Structures are given as structure tokens and as C-alpha cells.
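Survey of secondary and tertiary structure
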Amino acid sequence: MDTELRTLTARLLAHRSMPRTDRLARRALVDDGFRHALDQRLAAVGLQLFDNPYAAHIAVGIADDMREPVFGQTREYAASNVGLMRDELAWLMVIWSLIVLPKRERQVSRRALNDEGQDDMFGAEQPVEHGDAVSGALTEASLLADFGSRLGGKMKLNITLGKLSRLGFIERRNGLVFEGPLLDVLLDYRILADRVIHGTLADVLTGAGHAMPEANAFELAAAADDDEAEA
């Protein structure tokens with residue numbers, strides 16, 4: 001087990017994220033003893049494993065109690081610890097909202113991206129889908145048209161997308177913006193979803209013609225579980 005722990009730890013440090021389908025990543029998710037040993041090794045150097053069952057990747061990052069000692073010396077830490085400026089963070093939030101919020105609703109309701117709404121009586125028993133099956137793409141042109149005037153224009157968008165791509169939040173392919181390995185696993189849906197749906201960004205998104213979900217996807221899932229329990 002020691003060799004596998006060293007291998008997984010080294011790979012996480014080298015790549016920062018790994019697909020949850022990877023053999024060692026899967027072991028960390030299902031083997032309690034292996035996960036405990038991994039958590040101890042990461043904690044010893046101020047790191048922690050980030051895992052979201054709805055995300056296609058796992059990731060490693062700074063432990064919560066180490067963020068201030070590591071990043072607190074710089075003024076920029078108040079906004080971001082990955083070098084993003086305020087307008088770039090705004091672009092990140094817009095992209096997260098337009099990709100992750102609809103994706104989460106599909107995952108919770110067990111619907112694929114190309115599902116036109118047909119009912120599936122066994123849908124709730126299916127495993128959670130990840131990747132392109134449920135995660136849609138955005139066009140750079142539509143982002144510019146909808147939000148460019150508020151967030152710096154074409155040049156700023158291009159610079160920001162380059163940064164977000166290098167950081168692993170998105171992937172750019174032929175004018176399209178796809179979910180990157182870190183977009184869902186590092187941005188906490190449980191905290192951000194409500195702030196986006198009911199906060200200031202909701203006005204920005206709806207003003208650009210993007211309908212926001214009416215409820216938190218986790219609340220929808222909990223309600224479905226309650227209905228099944230009562231049935």
C-alpha cells in the first residue's frame with residue numbers, strides 16, 4: 001500500500017487533479033483505510049484532498065487551516081489565491097454558473113445532456129453521470145455578446161479564458177468553453193449555488209437571457225428521497 005500511496009500523492013502534487021475513474025483515485029474514494037492514510041500524508045504537509053461525488057475529478061489543495069499562513073501575506077489573497085483579478089473572478093463565476101448549475105440539475109435528475117425530458121421510471125437508480133454526458137459547452141462568442149460589455153470586452157475575455165484554462169478551470173476547443181478538471185471540484189456548489197441563484201450574479205445572468213434554476217439541486221434530491229421514503 002505504501003507504494004500506491006506514494007504514487008497517488010506524487011501524481012496529485014504533479015498534476016493537481018486526477019480523473020475519479022483512475023484506479024488509485026477510485027481506491028482513495030472507496031477504501032477507508034487507504035483514504036485515511038492518504039489524508040494523513042497530505043495533512044502532514046498542509047494539504048487536503050478535494051472530492052465532490054458530482055465532479056469528474058479529485059484534486060489536492062491547501063488545507064483550510066493553512067490558507068492564511070500560506071497566502072495571508074499578500075494583499076491579493078483577499079480576492080484570490082490563484083492570481084485572478086476581480087473581473088477575472090467574475091468571468092469564472094459566470095462560466096461556473098452556466099456550466100455547473102445546469103449540469104448539477106441533470107445529474108440529480110439523472111438526465112443526459114441530450115435528454116429532451118422523457119420520463120425514465122428507473123432513472124433514480126442510475127449512477128451519477130460525469131463529463132460530456134451531462135456537462136455542456138459555451139461558445140466564446142456568446143459569452144462575449146452576453147457579458148463582454150460588463151466585464152471588459154473581447155481582449156479581457158480572451159486573456160481571462162487563457163488564465164482559466166492554464167489553471168484547469170476550463171478547456172478551450174475551437175471557440176468553445178468546456179468544463180475543466182477543477183471547475184466543479186474546487187468551487188463549492190453548496191456554498192456558491194444559493195449565492196448565485198439568489199444573489200447579484202443572478203440579475204446579471206437573467207439580464208443576459210439565461211434562466212436560473214428555481215431551487216438548489218441538493219434540495220431537489222433530498223425532496224425526492226423523502227418522497228421515496230413516504231411511498
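As a starting point, this report considers the structure included with it. The structure displayed is predicted, hence computed values, not measured ones. Sequence order sets the numbering: in each chain, residues are counted from 1 along the sequence as written. Only residues with pLDDT of at least 70 are given local features in this predicted model, and only at 80 or more are side-chain atom pairs given and counted; all residues enter the totals for whole chains, interfaces and linings. Heavy atoms throughout the structure, all of them, feed into the side-chain values; hydrogens and water do not.

**Re the side chain of Asn52**
As for its position among the elements, Asn52 is in the loop between strand S2 (47–50) and strand S3 (57–62). By definition in these notes, contact holds between two residues if any of their heavy atoms fall within 4.5 Å. In this structure, Asn52 is in contact with Arg20, Arg104, Asp184 and Val185, ignoring residues within four places of it in sequence. Strands are runs of DSSP state E lasting at least two residues, helices are runs of H or I lasting at least four, and both sets are numbered from the N terminus onward.

**Considering helix H3 (residues 32–44)**
Take the residue count of a helix, subtract one, and multiply by 1.5 Å to get its expected span. In this model H3 runs 18 Å from its N-terminal to its C-terminal C-alpha over 13 residues, within 8% of the 18 Å that 1.5 Å per residue would give. For H3, every residue scored as buried is listed here: Phe34, Ala37, Leu38 and Leu42. In a view along the axis of H3, the buried residues occupy a sector of 135°, so they form one face of it. Away from the buried face of H3 by more than 90 degrees, exposed residues Asp32, Ala43 and Ala44 are located. Buried residues along H3 sit against helix H1 (2–15), helix H2 (23–30), S2 and S3. Put simply, Asp31 is the residue that caps the front of H3, since its side-chain oxygen is 3.1 Å from the backbone nitrogen of Gly33. Buried residues are those whose accessible area, probed at 1.4 Å on protein chains only, stays under 20% of the maximum for their type, while exposed residues exceed 50% and partly exposed ones sit between those limits. Comment: arc refers to directions from the helix axis out to C-beta atoms. Contacts described as polar in this section are N or O atom pairs within 3.5 Å, which, within protein, must combine one atom able to donate a hydrogen with one able to accept it, while residues neighboring in sequence count only if both atoms come from side chains.

**Structural notes on the pattern of salt bridges**
Salt bridge criterion: a side-chain nitrogen from Lys or Arg within 4 Å of a carboxyl oxygen from Asp or Glu. According to the stated counting rule, one finds 16 salt bridges in the structure shown. Between Asp184 and Lys103 there is a salt bridge, and its shortest N-O distance comes to 2.6 Å. Taken together, the residues Asp184 in helix H8 (residues 183–186) and Lys103 in helix H5 (residues 86–109) connect sequence positions 81 residues apart. Through salt bridges with shared partners, one network takes in Glu4, Arg23, Arg27 and Asp31.

**Here we look at the environment of Ala59**
Looking at the element boundaries, Ala59 is found in strand S3. A relative accessible area of 0% means that Ala59 is categorised as buried. Measuring from C-alpha to C-alpha, the distance between Ala59 and Pro181 comes to 8.4 Å, with 122 residues separating the pair along the chain. Each residue touching Ala59, except ones within four places of it in the same chain, is listed here: Arg16, Ser17, Gln48, Leu49, Phe50, Leu182, Val185 and Leu186.

**Description of the nonpolar core**
Nonpolar core, defined: a set of buried Ala, Val, Leu, Ile, Met, Phe, Trp, Tyr and Cys residues in which side-chain atoms within 4.5 Å join the residues together. Core analysis: the biggest nonpolar cluster contains 38 residues, and Ile95, Trp96, Leu143 and Phe147 have the highest contact counts within it. Elements that contribute at least two residues to this core include exactly H5, helix H6 (140–147), helix H7 (153–167), H8, helix H9 (189–198) and helix H10 (200–207). Ranked by residues supplied to this core, first place goes to H5 with 10 residues. Among all residues touching Phe147, those that are not within four sequence positions of it are Trp91, Val94, Leu98, Val204, Leu205, Ala208 and His210. Ranked by size, the runner-up nonpolar core spans 15 residues in total, among them Leu8, Leu38, Leu49 and Val60.

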